[in-house]
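Residues per chain, in single letters:
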Amino acid sequence: MVEKTLMIIKPDATAKRAIGDIISMVEDKFEIAGIIMKRLTVEEAREFYAVHKGKPFYDSLVEFMTSGPVVGLLLQGEDAIKRLREVVGATDPSKARPGTIRAKFGTDIQRNAVHASDSPESAAYEIPFFFK
Ligand code: CMP
């Protein structure tokens, strides 16, 4: 099934000027249906990650995600949600398969370079934060 999914290039990756390298890792596999650079407000970051409210890393995650500009990418393709998760790799970059975006550009479990929607339900919730 053709799906749309959201990828965010996080503040750690924009700061290290990895935007172009990361986009080239997805552009040959997905259609880029939208792209936007923005700085999330604290309110937006809290709502975006609402599912993690109450977890020990939540406040620090919100602080990190609002610490600099991010790039939102709307990616489209056959089975896009699952395929993007494979290209992105495990949450913890030290456990991510070699060749994945997080293995290449992630620093630690929080500063892990990118976010990717993990299900059709999260994609439907997350996409409107970047694309109306
Ligand atoms: P992401 O895929 O964007 O989804 C939730 C984010 O929370 C995750 O990537 C990390 O940036 C962060 N995160 C998840 N688990 C932890 C953890 N144990 N410690 C710190 N940050 C985490």
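Residues numbered from 1 in each chain as written. Predicted model: local features only at pLDDT ≥ 70, side-chain atom pairs only at ≥ 80, totals over all residues. Heavy atoms only, no water.

## Here we look at the site of the ligand
Rule in force here: In these notes, residues near a molecule or strand are those with any non-hydrogen atom within 4 Å of it. By the criterion applied in these results, polar contacts are pairs of N or O atoms within 3.5 Å in which, for protein atoms, one can donate a hydrogen and the other can accept it, and in which residues neighboring in sequence qualify only through two side-chain atoms. Reported accessibility uses the Shrake-Rupley method at a 1.4 Å probe radius. Residues are deemed covered only where the shown protein chains occlude them. Definitions used throughout: a 1 Å grid over protein atoms alone; a cavity as a set of points that fits a 1.4 Å probe which cannot get out; a pocket as an open set with protein on both sides within 12 Å along at least five of seven lines; a lining residue as one with an atom within 4 Å of a point. Any molecule with more than half of its atoms within 2 Å of a cavity's or pocket's grid points is regarded as sitting in that cavity or pocket. Side-chain classes follow a simple rule in which Ala, Val, Leu, Ile, Met, Phe, Trp, Tyr, Cys and Pro form the nonpolar group, Asp, Glu, Lys and Arg form the charged group, and the remainder, Gly included, forms the polar group.
Surrounding the ligand, one finds Lys10, Tyr49, His52, Phe57, Leu61, Thr91, Arg102, Ile109, Gln110, Asn112 and His115. A distance of 2.6 Å is found between an oxygen atom of the ligand and a side-chain nitrogen or oxygen belonging to Tyr49. Contacts to the ligand include Arg102, whose side-chain N or O atom sits 2.9 Å from an oxygen atom. In isolation the ligand offers 450 Å² of accessible surface; the protein chains occlude 80% of this area. In this structure the site holding the ligand corresponds to the largest pocket. Per-class residue counts for the shell around the ligand are four nonpolar, five polar and two charged.

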